[in-house]
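The primary structure of each chain is shown beneath.
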Amino acid sequence: DTAVSQTPKYLVTQMGNDKSIKCEQNLGHDTMYWYKQDSKKFLKIMFSYNNKELIINETVPNRFSPKSPDKAHLNLHINSLELGDSAVYFCASSQERTSGGAPFFGPGTRLTVL
Amino acid sequence: GENVEQHPSTLSVQEGDSAVIKCTYSDSASNYFPWYKQELGKRPQLIIDIRSNVGEKKDQRIAVTLNKTAKHFSLHITETQPEDSAVYFCAAAAHQAGTALIFGKGTTLSVSS
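All values reported here derive from a predicted model rather than from experimental measurement. (Residues numbered from 1 in each chain as written. Chains lettered and ligands numbered in written order. Predicted model: local features only at pLDDT ≥ 70, side-chain atom pairs only at ≥ 80, totals over all residues. Heavy atoms only, no water.)

Enquirer: Help me understand the overall build of chain A, please; the structure alone is not making it clear to me.
Expert: A tally of helices and strands in chain A yields 1 helix and 11 strands. Counted from the first residue to the last, chain A has its helices and strands arranged as β-β-β-β-β-β-β-β-β-α-β-β. The C-alpha radius of gyration computed for chain A amounts to 13 Å, which stays within 12% of the reference 13 Å derived for 114 residues, consistent with globular compactness. Out of the 114 residues belonging to chain A, those deemed buried represent 47%. By element, 49% of the accessible surface of chain A is carried by carbon and sulfur atoms, the whole surface being about 5600 Å². Averaging the positions of the 13 positive and the 11 negative side-chain charges in chain A gives two centres separated by 5 Å. (Helix = DSSP H or I, 4+ residues; strand = E, 2+ residues; numbered from the N terminus. Rg over C-alpha atoms; globule rule 2.2 N^0.38 Å. Buried < 20%, exposed > 50% of the residue type's maximum accessible area, 1.4 Å probe, protein only. Areas by Shrake-Rupley, 256 points an atom, 1.4 Å probe, with all protein chains shown as cover. Lys, Arg positive; Asp, Glu negative; His and termini not counted. Charge placed at Lys NZ, Arg CZ, Asp CG, Glu CD.)

Here it is as structure tokens:
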């Protein structure tokens, strides 16, 4: 069973387009995250959602917007894509009480903006 | 906010040797310190973690130490094997619901046989 899944796995698109990445977790976790991993492998937090409320919003461009329809899903929508948005985007989830808080990562979505 | 420094950025060892990766953190409120391993093209995976009420934790060939006074923590891998080759990330967070981990910049470990 897949714990954290993301679609699509690869996304190639042109500058200026709008795209979405979907994330689902079946672990029953109450917090979900989006991390960006750049070409230098640096993992940077973008957003986190706890019980459907945005509790962290790092200094990312407002072209990025997280959407959480329910506790098991956290989608990432990106408007007006730029070359610098090319990266691997990881969704993750965690549960304070049962798993100790360590996020479990999804497989990642490699976004390439041409 | 929290800042995590990680050293070295690359580490090459011979099979069977030990490897040590060191991290420092800035926020004294941080009390949770996990380590992740990321193989090429794969997701980061948790390998061990430690909380600030513990000084050392071991799991087979892997151990983590924490010095809360100095705000640094280290990963020790003994008897390294080629399959240990990967990028290793340290991270820190205040252990509150929803607090995101802040990661170090990673260490690329290469184990040659």
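Enquirer: Where do I start with the sheet that holds strand β7 (residues 64-70) of chain A in this structure?
Expert: Whenever strands of a sheet pair, they do so through backbone hydrogen bonds, lying parallel or antiparallel. All names here are of chain A. Strand order across the open sheet formed by 4 strands is β1-β3-β8-β7, with antiparallel pairing between neighbours. The sheet is open, and its two borders are formed by β1 (4-7) and β7, each paired with just one other strand. Adjacent strand axes in the sheet meet at a mean angle of 20°, parallel and antiparallel pairs treated alike. Here 4 bridges tie β1 to strand β3 (residues 19-25), and the two strands are oriented antiparallel to one another. Across the sheet, residue glutamine 6 finds its bridge partner in β3, namely cysteine 23. (Pairing = 2+ DSSP bridges. Axes fitted to C-alpha atoms, helices over the stretch in contact; angles between N-to-C directions.)

Enquirer: Sorry, what's going on with the pairing of β7 of chain A here?
Expert: Consecutive side chains along a regular strand alternate between the two faces of the sheet. All names here are of chain A. As paired strands, β7 and strand β8 (residues 73-78) are joined by 5 bridges and run antiparallel to one another. Pairing of phenylalanine 64 across the sheet is with isoleucine 78, part of β8. Between the antiparallel neighbours β7 and β8 lie 2 residues.

Enquirer: Honestly, the pattern of salt bridges in this entry has me stumped. Any pointers?
Expert: Think of it this way: side chains of opposite charge can pair up when their charged atoms draw near. Residue and element names in this part refer to chain B. Summed over all chains, the structure comprises 5 salt bridges over all chains. Between lysine 57 and aspartate 49 there is a salt bridge; the shortest N-O distance is 2.9 Å. What makes aspartate 49 buried here is its relative accessible area of 13%. Residues aspartate 84 and arginine 61 are paired through a salt bridge, measuring 2.9 Å at the closest nitrogen-oxygen approach. Taken together, the positions of aspartate 84 in the loop between β8 (72-77) and β9 (86-92) and arginine 61 in the loop between β6 (56-59) and β7 (62-67) put the pair 23 residues apart, joining distant regions of the chain. Judged by relative accessible area, which is 23%, arginine 61 ranks as partly exposed. (Salt bridge = Lys/Arg side-chain N within 4 Å of Asp/Glu carboxyl O.)

Enquirer: Where do I start with the packing of aromatic side chains in this structure?
Expert: In this description, an aromatic ring pair is defined by two values, namely the gap between the centres and the angle between the planes. As enumerated under the stated definition, the model contains 13 aromatic pairs over all chains in all. Taking 6.2 Å as the distance between ring centres and 40° as the angle between the ring planes, the aromatic pair formed by tyrosine 33 of chain A and tyrosine 35 of chain A counts as tilted. Of the two residues, tyrosine 33 of chain A and tyrosine 35 of chain A, neither departs from the other in class, the shared state being buried. Ring geometry for phenylalanine 105 of chain A and tyrosine 36 of chain B: centres 5.5 Å apart, planes at 85°, overall edge-to-face. Of this pair, phenylalanine 105 of chain A sits in strand β10 (residues 104-105) while tyrosine 36 of chain B sits in strand β4 (residues 32-38), placing the two residues on different chains. Residue classification places phenylalanine 105 of chain A among the buried residues on the basis of a relative accessible area of 1%. One aromatic cluster in this structure is built from Tyr33, Tyr35, Phe90 and Phe105 of chain A together with Tyr36, Phe89 and Phe103 of chain B. Over the aromatic face of phenylalanine 42 of chain A sits the side chain of lysine 105 of chain B, whose NZ or CZ is 5.5 Å from the ring centroid. (Phe/Tyr/Trp six-rings, centres within 6.5 Å; stacked < 30°, edge-to-face > 60°. Lys NZ or Arg CZ within 6 Å of the ring centre and 35° of its normal.)

Enquirer: It is not clear to me how the state of the cysteines should be interpreted in this structure. Could you clarify?
Expert: In protein structure, a disulfide is the covalent linkage between the sulfur atoms of two cysteines. The full count for this structure, using the stated rule, is 2 disulfides over all chains. Covalently, cysteine 23 of chain A is tied to cysteine 91 of chain A through a disulfide, its sulfur atoms 1.8 Å apart. Because the sign of the S-S torsion sets the handedness, a value of about -75° for the bond joining cysteine 23 of chain A and cysteine 91 of chain A places this disulfide among the left-handed ones. Placement of cysteine 23 of chain A in strand β3 and of cysteine 91 of chain A in strand β9 (residues 87-94) is noted, with a sequence separation of 68 residues between them. Note on cysteine 23 of chain A: relative accessible area 1%, which makes it buried. Bridging cysteine 23 of chain B to cysteine 90 of chain B, the disulfide has an S-S length of 2.0 Å. In this structure the cystine formed by cysteine 23 of chain B and cysteine 90 of chain B twists about its S-S bond by roughly -100°; its chirality is therefore left-handed. Separated by 67 residues along the polypeptide, cysteine 23 of chain B in strand β3 (residues 19-25) and cysteine 90 of chain B in strand β9 bring together distant segments of the chain. Each member of the pair, cysteine 23 of chain B as well as cysteine 90 of chain B, carries the same accessibility label: buried. (Disulfide = S-S within 2.5 Å.)

Limitation: the analysis is restricted to geometry and does not speak to function.
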